[in-house]
Amino acid sequence: MSGHMNQHGQISKAERRQLAVAATTLGPWRTAATTGGSGGVVVFGLGALGGVSLELLAGALSFALMLFFVVGGAGAVIGGRSADPRTAGSTDGTGLPVVVDTDSPSDRRIRRWAREHPWRVAMVPGASMALADVVVNTTLSARSFMGGVGDALWMGVLVWLFVGLAGRFAPRKG
């Protein structure tokens, strides 16, 4: 990092972008996929009561993506310890689950940076949501390209707000 610091000891814009992306990769993406998939199935199932269409599929997929990026992004900015998969389901003598911190020192520094800069980290899932939603809107719905882009931008802004607020108001750890 020291190679990217400016004369005032601050990190460069490029380094901040890299840290935001790195922090985002530490989110609970498996949990986010399960949550998004479940939410999308529920929305599709409820909508299918009135008939199935590509518009319904696009709406359900858009909702699933939003849940996916909100849960994964919020988990990235809130942070936490990674559980060691070898101890999954294990309990200590009191019956409480065993959580083993498997994060490397660099992962812990990235998580700390993410907790200190939730709005910067929230840009990654927000932009990812907007990009994914443009693809969904333009391929599966009857909306025009510009209408799809407008909808996707709003969805990206919502994800950015949810993730940023989650990081901003989450209790601070250690």
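The rules behind these values
Residues numbered from 1 in each chain as written. Predicted model: local features only at pLDDT ≥ 70, side-chain atom pairs only at ≥ 80, totals over all residues. Heavy atoms only, no water. Core = buried A, V, L, I, M, F, W, Y, C linked by side-chain atoms within 4.5 Å. Buried < 20%, exposed > 50% of the residue type's maximum accessible area, 1.4 Å probe, protein only. Helix = DSSP H or I, 4+ residues; strand = E, 2+ residues; numbered from the N terminus. Contact = heavy atoms within 4.5 Å. Axes fitted to C-alpha atoms, helices over the stretch in contact; angles between N-to-C directions. Parallel < 35°, antiparallel > 145°, perpendicular 65-115°, else oblique. Left-handed = near helix turned anticlockwise from the far one by under 90°. Nonpolar A, V, L, I, M, F, W, Y, C, P; charged D, E, K, R; others polar. Expected span 1.5 Å × (residues − 1). Arc of directions from axis to C-beta. Phe/Tyr/Trp six-rings, centres within 6.5 Å; stacked < 30°, edge-to-face > 60°. Lys NZ or Arg CZ within 6 Å of the ring centre and 35° of its normal.

Caption draft 1: Seen up close, the nonpolar core. M66, W113, V121, M129 and V159 are the most contacted members of the largest nonpolar core, which totals 21 residues. Elements with a contribution of two residues or more to this core: α1 (13-25), α3 (54-78), α4 (105-116), α5 (118-140) and α6 (145-169). No other element matches α3, which puts six residues into this core. Sequence-distant contacts of M129, defined by excluding residues within four places in its chain, comprise S62, L65, M66, F69, M155, G156 and V159.

Caption draft 2: Molecular detail of the packing of α3 against α5. Between α3 and α5, the shortest axis-to-axis distance is 10 Å and the interhelical angle comes to 165°. Judged by the inter-axis angle, α3 sits roughly antiparallel to α5. With respect to the hand of their crossing, α3 and α5 are arranged in right-handed fashion. On α5, the residues that touch L54, E55, L57, A58, L61, S62, L65, M66, F69, G73 and V77 of α3 are P118, V121, A122, P125, S128, M129, A132, D133, V136 and L140. Classifying every residue of the contact of α3 with α5 by side-chain character gives 16 nonpolar, three polar and two charged.

Caption draft 3: Local environment of helix α2 (residues 29-48). With 20 residues, α2 should reach 28 Å at 1.5 Å per residue; the first-to-last C-alpha distance of 28 Å fits that figure. Residues of α2 that are buried: A32, G36, G39 and G40. The buried residues of α2 occupy an angular sector of 100° when projected down its axis, which confines them to one face. Exposed side of α2, more than 90 degrees from the buried face: R30, T34 and V41 are the residues found there.

Caption draft 4: Region of interest: the packing of α1 against α5. In the contact formed by α1 and α5, the axes pass within 8 Å of each other and the chain directions differ by 65°. One element, α1, and the other, α5, form an angle in the roughly perpendicular class. Considering how the two elements wind past one another, α1 and α5 form a crossing that is right-handed. The segment α1 lies against α5, with R16, A20, V21, A23 and T24 engaging R120, V121, V124 and P125. Among the residues forming the contact of α1 with α5, the class breakdown is six nonpolar, one polar and two charged.

Caption draft 5: Spatial organisation of the packing of aromatic side chains. This model, assessed by the stated rule, comprises four aromatic pairs. Summarising the aromatic geometry, the rings of W29 and F68 are spaced 5.0 Å apart at their centres and angled 50° between planes, so their arrangement reads as tilted. Here W29, found in helix α2, pairs with F68, found in helix α3; they are 39 residues apart in sequence, far enough to count as distant. A relative accessible area of 22% means that F68 is categorised as partly exposed. Ring centres of W119 and W160 lie 5.0 Å apart, and the angle between their planes is 55°; on these two criteria the pair is classed as tilted. Residue W119 is found in helix α5, and its partner W160 is found in helix α6; the two are separated by 41 residues along the sequence. Among the aromatic residues, those joined into a ring-pair cluster are W29, F68 and F69. Between the NZ or CZ atom of R168 and the centre of the ring of F169, over which it lies, the distance is 5.1 Å.

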